[in-house]
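Architecture at a glance
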Amino acid sequence: MRCVNIADARTVEKVLRTDQRFQMRPGLEAVNEIIDEISEDGESFKITSNNYDEWQPHRALVSPRLLRPKEVKKQFPLLNSVANDFMKRLNHLSEHDETVRNFEDELTFWSIESTSAFLFNHRLGFYDHPPDPIAVEFTEAAMKMLSSLTKILHSGPFHKYTRAGDTFKTSLLTMHKTYLAIYDRFGTSGEQAKTDIRQKQTFHQYLSSQGKTPHEIVWVISGLMAGGIETTSTTCLWLLYQLAQHQEIQERLYQELASSLGPDEEISADKIPLYLKAALKESQRIYPTASVVPRAFDKDIELHGYHIPAGVNVLIQNHLLSVNKDCHGEDAKKFEPERWMRDDVTEKKHKINPFSSLPFGHGVRMCLGKRVAESTIYTLVSKILLSYRLEYADEKEVKRSFIGGIMRPDTPIRLRFKRR
């Protein structure tokens with residue numbers, strides 16, 4: 001595979017402004033092949049396709065419901081509900097030293113339940129007592145799918161001969177089966193009307209109104225889940241790690257949250273402090289979960305005098321771009337949320353090249369789950385900070401690990417949750 005690596009903001013801007021109507025997103029050929037193989041009558045989610053005629057209808061269908069702020073705003077009551085259950089579970093799982101064993105797994109469970117609630121407008125049931133069996137089956141399948149995903153991304157055309165390929169396929173089929181069962185349970189308008197919080201049209205009802213069959217709807221939802229579960233949980237983990245390492249920033253966030261919210265008030269889109277939004281942006285700048293943003297074009301392009309033939313993969317090294325001193329100054333590696341806010345003295349925003357930090361990508365291939373992920377993270381982190389003061393429980397520094405294009409910690413992050 002021929003590829004070019006870039007980590008200069010001006011060059012990145014030129015790449016991302018080329019063919020803005022449609023850019024090919026290489027690297028997911030194995031995933032697309034498996035999905036096409038197991039889908040019924042070609043009914044699958046083509047949002048990752050490099051064929052414009054396949055990609056465009058799906059993108060145009062789901063973008064309005066996932067990227068419009070007013071649509072996301074409606075889902076905060078359910079996101080609060082999931083976060084509240086996470087907090088109850090956190091209290092139960094806390095060890096004698098105030099740490100939580102397998103905290104990354106707990107964040108994955110939370111991400112699955114939150115994303116499901118957002119898409120179905122109904123709780124999956126993982127946090128029920130006892131957990132809903134279908135929810136458990138779906139959650140286990142989703143985690144197996146995620147663990148095998150990075151392996152098949154590296155195996156390329158040989159994925160069909162690997163155990164990871166078989167696991168990915170089996171896990172997707174299980175997710176498909178269990179989501180059909182959930183669809184049968186909650187997909188009718190009669191069930192929808194039983195709870196006030198579900199009076200509005202759900203995401204799958206919207207897809208149904210657009211002529212999509214239950215099987216097509218399940219592929220859409222499963223595809224969105226596959227793309228968003230691990231990235232959301234890992235992004236949240238990096239933010240919590242940064243806050244545990246910077247007590248003064250954590251304390252300022254706590255004070256702003258405490259003054260913005262009453263003692264029993266739930267998180268809403270209008271109550272999220274600007275400093276929390278800035279802290280998430282800064283965490284994503286230093287630890288961008290999407291460490292590489294790939295693009296390919298069907299025509300030749302010129303970059304700084306270099307001729308890049310059509311079909312060559314252009315890999316935007318997001319993790320290098322994000323800590324580039326030319327873009328972010330000498331303190332580029334410092335966690336400083338203030339760089340995303342207005343200056344306290346001049347009241348002017350700091351000048352940051354918008355192409356110097358791309359945690360959700362850019363343009364027509366921007367991550368569909370951007371606003372969903374941000375909202376779920378704001379909700380959970382707010383609740384954690386209002387109840388606990390975070391401390392990092394180990395002495396060694398956590399380093400970045402690049403596997404399958406996702407930046408993960410190279411070792412489990414142990415956080416200490418001290419009650420306020």
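Refer to the preceding data block for the structure.
Here is a short report on the structure shown in this document. Note that the structure is predicted; figures quoted are calculated from it, not measured.

**Section: the overall build of the chain**
Counting its regular elements, the chain contains 16 helices and nine strands. Expected size for 420 residues packed as a compact globule is a radius of gyration near 22 Å; at 21 Å, the chain falls within 12% of this value. For the C-alpha atoms alone, the extent of the chain along its principal axes is close to 55 × 55 × 40 Å. Here the chain holds 420 residues, and 52% of them are scored as buried. Here the contacts in the chain between residues at least 6 apart in sequence split such that 74% fall between residues at least 24 apart. Roughly 19,400 Å² of accessible area belongs to the chain as shown, and the carbon and sulfur atoms make up 50% of that amount. Treating the 57 positive side-chain charges of the chain as one cloud and the 56 negative ones as another, the clouds have centres 3 Å apart.

**Description of the sheet that holds strand β1 (residues 3-6)**
What the three strands build is an open sheet, ordered β1-β5-β2; its pairing is mixed. A strand with exactly one partner marks an edge of an open sheet, and here the two such strands are β1 and β2 (292-295). Taken pair by pair, the neighbouring strands of this sheet meet at an average axis angle of 25 degrees, ignoring direction. Across four bridges, β2 lies against strand β5 (residues 313-317) in antiparallel orientation. Within the sheet, the bridge partner assigned to Arg295 lies in β5 and is Val314. On the sheet, helix α1 (residues 9-16) packs against β1, β2 and β5 and is oriented at approximately 135 degrees with respect to β5.

**Regarding the pattern of salt bridges**
For the structure shown, the criterion picks out 31 salt bridges. The salt bridge involving Asp8 is made with Arg10; its shortest N-O contact spans 3.9 Å. Given a relative accessible area of 59%, Arg10 falls into the exposed group. Between Glu391 and Arg416 there is a salt bridge whose closest N-O contact spans 3.6 Å. Of this pair, Glu391 sits in strand β6 (residues 388-392) while Arg416 sits in strand β9 (residues 415-419), placing them 25 residues apart in sequence. Look at Arg416 and you get partly exposed, because its relative accessible area is 21%.

**Looking at the nonpolar core**
In this structure, Phe86 and Phe103 are the most contacted members of the largest nonpolar core, which totals 101 residues. If you tally residues by element for this core, the top one is helix α11 (residues 214-245), at 17 residues. Phe86 has contacts with Phe103, Glu106, Leu107, Trp110, Tyr127, Leu380 and Ile384, leaving out every residue within four places of it along the chain. Val12, Leu303, Leu321 and Phe355 belong to the second largest nonpolar core, which has 16 residues in total.

**Quick look at unusual backbone geometry**
Backbone geometry follows two general trends: most residues other than glycine have a negative phi, and most peptide bonds adopt the trans configuration. Along the chain, His129 connects to Pro130 via a cis peptide bond; the corresponding omega equals -5 degrees. Counting through the fold element by element, Pro130 comes out in the loop between α6 (103-120) and α7 (133-155). Even without being a glycine, Asp19 presents a positive backbone phi close to 50 degrees. Mapping Asp19 onto the fold places it in the loop between α1 and α2 (29-38).

**Observations regarding the pairing of β5**
In terms of burial, β5 is a largely internal element, five of the five residues being buried. The alternating pattern of β5 places Asn313, Leu315 and Gln317 on one face and Val314 and Ile316 on the opposite face, and all of these are buried. Pairing analysis gives four bridges linking β1 to β5, with the strands arranged parallel. Residue pairing in the sheet places Ile6 in a bridge with Ile316 of β5.

Rules behind the numbers
- Residues numbered from 1 in each chain as written.
- Predicted model: local features only at pLDDT ≥ 70, side-chain atom pairs only at ≥ 80, totals over all residues.
- Heavy atoms only, no water.
- Helix = DSSP H or I, 4+ residues; strand = E, 2+ residues; numbered from the N terminus.
- Rg over C-alpha atoms; globule rule 2.2 N^0.38 Å.
- Buried < 20%, exposed > 50% of the residue type's maximum accessible area, 1.4 Å probe, protein only.
- Contact = heavy atoms within 4.5 Å.
- Areas by Shrake-Rupley, 256 points an atom, 1.4 Å probe, with all protein chains shown as cover.
- Lys, Arg positive; Asp, Glu negative; His and termini not counted.
- Charge placed at Lys NZ, Arg CZ, Asp CG, Glu CD.
- Pairing = 2+ DSSP bridges.
- Axes fitted to C-alpha atoms, helices over the stretch in contact; angles between N-to-C directions.
- Salt bridge = Lys/Arg side-chain N within 4 Å of Asp/Glu carboxyl O.
- Core = buried A, V, L, I, M, F, W, Y, C linked by side-chain atoms within 4.5 Å.

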